Structure formats: C-alpha cells, structure tokens
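Examination of the molecular architecture
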Amino acid sequence: MLTAIILAAQIAFSSPVHFPISLAGNFGEPRPNHFHGGIDVRTEMVEGKPIFVVAEGYVSRITISKYGFGNALYVQHPNGTTSVYCHLRGFVPALRRLVSQERRRQHLPDEIDRAHNPSAELDLQLRPTDFPVARGQLIAISGNTGSSVAPHLHLEIHDTRSWAMLDPLRFVGSYLVDKTPPQAHALMAYPQPGEGVFNDYATNQYFGLEQTFTAWGRVGFGLWADDYMDDTYHHYGIRHTRLLVDGEVVFESDVDSIPMYCNRMVNSWGDYYHYLRSHVWYMKSFLDPGLSMPCFRTTADRGIVTFNEERLYNLTYVLTDAYGNSSTYSFNVQGKRSSIPRAPKRNYVNMARWSRPFHCQLPGAQLVIPGANLPTDVELTPRMTLREGALSHAYTFAERSLPLFAGASLSLRLNRKPADPSRLCLKCGTQTIPATYRDGWVSATIKDLGQTYTVEVEEKK
C-alpha cells in the first residue's frame, strides 16, 4: 500500500461528482463472504447524476451485466492504479459508440441495459489509445444497475498490477468532510477452548464496555463498533483498531488495502456465526491461525491475551477513522485463579487442518480442500442422502455453514446417464454452480462445506 500512496502523490485526483460527497458505505465494511471494496457515493436517491473521471488516464474496460457492477467503467491511471465506476445508467456518447461497434462485431443487440435484454452482457477491453481521459472529464451518468438496491455510485480504486483493493478515501477523501469519531457498542470475550475462562465461564460472552471483569488463562476479544460521518445516519466499517493491554499493543488493524485473495477472510476476522444469528459483526482482535491478511499487526500469540497473574489488567480499545477522528474505550479485567474446563474431545478421523490439504471420499463423492483454505482446524461431518431416481445423491460435509477462503473441488458421480452432459451443474439450494462432466462424474468448485450439493440439469435461459 505504501507504493500506491507514493504513486498517488504524482498525479492529482478529484471528486467523481460535482456536489459534496456523502457516503452510504465506506471501504472495508464487513459483509458475508467479502469486504466492501470501495465507497458508495450517495446520489440523492435519484439516477442521472454526472460522473467524472477522478484522475487522468484511459478507459481500459467497459462491462455490462445484469448482476454485480451492472454497467461499469474502468479507468487506468499512470500512477499504477485503476478506478472503477459502477451501477451506471449510461455512458457518454463516444463510449456508447464503442459499445455499439463491439455489439455489432459480436452480433449482439444494441441495448445497454441487460435487464431489458438478457443477451446484452458485454466485457470490452480497450487499448490506451482508444479512449484517453483527463481528470474531471464527464464520463458517465449515475444509475442503479446490477446488484444495487438504490441509486448510487460505487467507486473502487485498485492497484493495477496486483488488483488489491485500495481505500478510495486515500485519493478523493479531501472532497468529504468528517469530524465524527467511531463508536463502540459492545465487547465479546472468546475464552480459548480448554485454555481460559472469562467471568467464570468458558463460553463466548458479550457485554457492555467500561466494566470490570474476571478472567484466567487465554482469552481473545472482539468488538462491535461502527464509524459515523457528519450529516448522515449511515454507519460504516472501522478503518483503524488498536487493542492495548497495560499500555502495550497486542492487536492492530488498518483497513487501507485488501488483496483480492483475502476477501472471504472476512468470515474469520468477523464473528461469522454471531452475524448469521444477529446481523451484527463483532470483529475479532485476535487472529485464527489460518488468517493472514496484511492489514494486521499482533503479538506472537496472535492477539490473544493471557491472564496468569492475580492482579488488575487494563485493556483499552482505540478506534480511528480515515480522518484521524478517534474514540477510546477502557475496561479492567481482574486476574482470578480459576479451574478451566477441558476442551471437548475431537474426532480426528475427519479433521480438516487449516494448513494442509484435505481429501474426503463418500460413496459417489470426492472432496478435495487445498491447504490454507480454512481459518482453523475443523471437524467435518460428511453425510450422503439417497435420492432415488435423481441424477445424483445429495452430499454435505458440515453441520452448519462453513465458508472457505477459496474454493474446494467437489466431484459427484451420476446415478444415470444424462441426456445432455453439457447442461449439468451442481445445485446448492437455489444457487447454480457451473460444472464439468467427465466419465460419469460431475465436478465443480464449492465455497461452503455446510451446504447440500446435488447434480441437476441447468435450465435453459
């Protein structure tokens, strides 16, 4: 990220809109399976606002899709970054002509909105000389296309070479005023199984802040907190978090850059299962052994605090936003010598290690999980459900949702010969997963071991 900051100083950046920027979402907000990769610029709940290039460069890509970014433009800049403008209603006429020319070349209908024409998806790559642009040049009109629930501009900035996501406020933050600090709401304690207790219990517990607690052994902590900005009721993700114990930093996170391969690690940094129950993210201040995002700095014990003296420990959280607004929260923990319950016994037969590849076979199914794909060691519970007359039986590998960092390979054997192997896919609830067929087996990449998978015939579009 330091390289990107240095490069950013070599060219000037400006606002993508001609009115004061107000955000509906900031960079790095935790979402299930991904971080928010940019900023959501409010457009007063209407479409049709002019969108301007934030820095000199050239339009390198145009994409049109019913889902995701909808209508989007990519502008590559000479400082090694690329800005992406998403959910657009339309492009300037010169870009529309390029789109129309490409459609004619591919024999596609000349329609920009895929919602009106299912065959209109497009991914057009451009050369540096095709459409150069200047900073502040009108390039598009804001909209609500793709996976957007309300009109806005989603703006991303990436490192062009690695495609790591960068905080756009690093580049256009001077066009936004913010004097409101983050705010913490509650604390979560995570006694490590078989190694610690908190307030006499070995289970995860949440509390209000600024209290005095008791603990013994190894305990991790997490925080429910939100950032806020001036003149809006929206809440945002926390840019910078520090946890100090007796004045020493044991955990620090600075969400200014997120490599794409880290996107699904949000499920490990955040308390994924608490979120599924409550839709509240507690972001942990300690790291699971498989979590390797570069935005962290921790102690040798990965941020876990050891209470091994009968004395008062002082813990302090410091939360800071991109503008330097800070809030501080302190609480005390009294070291209290206590018995620690043993951790539950584990079945190592189906134990998937976070650091090693894992292979699992059931009748008619083969699962291969690459190493470094899980946050911790996980005991799987492979299960097959017979489906008489169906293309395949049904398979699941965990008792509850278990998202992976990347993909695992799942192959299912067919129970009968298909009429058209090219239309076979894996089904997971209502989700259709593209698959390949070979010698009676259907293979696909899956990303959650707790879902149920079957082979089905994909419906014609």
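Counting from 1, residues in each chain are numbered in the order their sequence is written. Only residues with pLDDT of at least 70 are given local features in this predicted model, and only at 80 or more are side-chain atom pairs given and counted; all residues enter the totals for whole chains, interfaces and linings. With hydrogens and water excluded, all non-hydrogen atoms of the structure serve as input to the side-chain values.

Now for the overall build of the protein chain. The secondary structure content of the protein chain amounts to 5 helices and 37 strands. For 461 residues, the compact-globule estimate of 2.2 N^0.38 gives 23 Å, and the C-alpha radius of gyration of the protein chain, at 25 Å, lies within 12% of that figure. Reported as C-alpha extents along the three principal axes, the dimensions of the protein chain are approximately 75 × 65 × 35 Å. Contact definition: two residues touch when any of their heavy atoms are within 4.5 Å. Contacts in the protein chain between residues at least 24 apart in sequence constitute 66% of all its contacts with a sequence separation of at least 6. Computed with the Shrake-Rupley method and a 1.4 Å probe, the accessible areas treat only the protein chains shown as cover for residues. As presented, the protein chain carries roughly 21900 Å² of accessible surface, and 50% of it is formed by carbon and sulfur atoms. Charge convention: Lys and Arg are scored as positive, Asp and Glu as negative, and His as well as the terminal groups of each chain are ignored. Charged side chains are reduced to one point each, which is NZ for Lys, CZ for Arg, CG for Asp and CD for Glu. Charge separation in the protein chain, taken as the distance between the mean sites of 45 positive and 44 negative side-chain charges, equals 7 Å. Numbered from the N terminus, helices here are DSSP runs of H or I no shorter than four residues, and strands are runs of E no shorter than two. Only C-alpha atoms enter the radius of gyration, while the globule expectation follows 2.2 Å times N to the 0.38, with N the number of residues.

To continue, consider the confidence of the model for the protein chain. For every residue, the predictor reports its confidence as pLDDT, a number between 0 and 100. Model confidence for the protein chain is summarised by a mean pLDDT of 94, while 96% of its residues fall at 70 or above. Low pLDDT, under 50, characterises residues 1-9; the predicted model gives this stretch 12 contacts beyond four residues in sequence or across chains.

A separate point is the sheet that holds strand β32 (residues 403-413). Here, any two strands with at least 2 DSSP bridges between them count as paired. In spatial order, the strands read β27-β28-β32-β36-β35; together these 5 strands make up an open sheet with antiparallel pairing. Only two strands of the sheet have a single partner each, and these edge strands are β27 (358-362) and β35 (436-438). This sheet shows a mean twist of 20° between the axes of neighbouring strands, independent of strand direction. Bridging between strand β28 (residues 365-369) and β32 involves 4 bridges; their strand directions are antiparallel. Helix axes use the C-alpha atoms of the stretch in contact, all axes being lines fitted to C-alpha atoms, and the angles between their N-to-C directions lie in the range 0 to 180 degrees.

Quick look at the nonpolar core now. Among the nonpolar cores identified, the biggest contains 45 residues, and F198, F221, W269, M293, F307, L315 and F331 are the most heavily contacted of them. Residues within four places of F198 in sequence aside, it is in contact with A189, P191, Q205, F207, F213, T214, A215, V219, F221 and V333. Ranked by size, the runner-up nonpolar core spans 40 residues in total, among them L23, L88, L126 and F171. The definition of a nonpolar core used throughout is a set of buried Ala, Val, Leu, Ile, Met, Phe, Trp, Tyr and Cys residues joined through side-chain atoms within 4.5 Å. The rule is simple: take the accessible area with a 1.4 Å probe, protein chains only, and divide by the maximum for that residue type; under 20% is buried, over 50% is exposed, in between is partly exposed.

Here we come to unusual backbone geometry. Non-glycine residue N33 carries a positive phi angle of around 75°. The residue N33 is located in the loop between β2 (30-31) and β3 (34-35) in this model. Positive phi values are uncommon outside glycine, yet W163 reaches one of about 65°. Relative to the assigned elements, W163 resides in the loop between β12 (152-159) and β13 (165-166).

On to the environment of V266. For V266, the location among the structural elements is in helix α4 (residues 266-269). In this structure the C-alpha to C-alpha distance between V266 and I139, which are 127 residues apart in sequence, comes to 33 Å. Those residues in contact with V266, other than ones at most four positions away along the chain, are P30, R31, N33, H34, F35 and W281.

Our next topic: helix α2 (residues 93-106). By this rule, a helix spans an expected 1.5 Å times one less than how many residues it contains. For α2, with 14 residues, the first-to-last C-alpha span of 20 Å sits near the 20 Å given by 1.5 Å per residue. By the burial criterion, the buried members of α2 are L95, V99, S100, E102 and R103. Viewed end-on, α2 has its buried residues packed into an arc of 165°, placing them on one side of the element. Facing away from the buried side of α2 by over 90 degrees, the exposed positions are P93, R97, R104 and R105. Immediately beyond the C-terminal end of α2, within one or two residues, lies H107, with a positive phi of roughly 60°. To be clear, the arc concerns the directions from the helix axis to the C-beta atoms.

This part is about the sheet that holds strand β33 (residues 424-428). Read from one edge of the open sheet, 3 strands run β34-β33-β37, paired in antiparallel fashion. Of all strands in the sheet, those with a lone pairing partner are β34 (431-434) and β37 (454-457), marking the two edges. Within the sheet, the average angular offset between the axes of one strand and its neighbour, ignoring direction, is 45°. Pairing geometry for β33 and β34, over 4 bridges, is antiparallel. Opposite K427, over in β34, you have T432 as the bridge partner.

We define a salt bridge as a side-chain nitrogen of Lys or Arg found within 4 Å of a carboxyl oxygen belonging to Asp or Glu. Applying the stated criterion across every chain, the model contains 20 salt bridges. Residue D377 pairs with R353 through a salt bridge whose shortest N-O separation is 3.0 Å. In this pair, D377 sits in the loop between β28 and β29 (378-379) while R353 sits in the loop between β26 (351-352) and β27, placing the two residues 24 residues apart along the sequence. Its relative accessible area of 30% is what places R353 among the partly exposed residues. Put simply, R383 and E399 hold a salt bridge, and the shortest N to O gap is 3.9 Å. Of the two residues, R383 is situated in strand β30 (residues 383-385) and E399 in the loop between β31 (394-396) and β32; the sequence distance between them amounts to 16 residues. You can call R383 partly exposed: its relative accessible area is 39%.

Next up on the list: the pairing of strand β8 (residues 81-91). On a regular strand, each side chain points to the face opposite its neighbour's, so the side chains alternate between the two faces of the sheet. Burial within β8 is extensive, with 10 of its 11 residues counted as buried. Inspection of the sheet shows strand β7 (residues 71-76) paired to β8 by 5 bridges, in the antiparallel sense. Following the sheet pairing, V75 is matched in β8 by S83. Where β7 folds back on β8, the antiparallel hairpin that results is connected by 4 residues, among which G80 adopts a positive phi of roughly 90°. In the sheet, β8 pairs with β12 via 6 bridges, with the strands oriented antiparallel. Bridging across to β12, T81 finds its partner in D159. Inspection of the sheet shows β8 paired to strand β11 (residues 138-142) by 3 bridges, in the antiparallel sense. Its bridge partner lying in β11, L88 is registered against S142.

Bringing the pairing of strand β18 (residues 240-245) into the picture now. Where burial is concerned, most of β18 is hidden: 5 out of the 6 residues are buried. Following β18, the chain reverses through 2 residues before pairing antiparallel with strand β19 (residues 248-254); D246 in that reversal takes a positive phi of roughly 50°. In terms of strand pairing, β18 meets strand β24 (residues 312-320) through 6 bridges, oriented antiparallel. When the sheet's bridge partners are listed, H240 is paired in β24 with T320.

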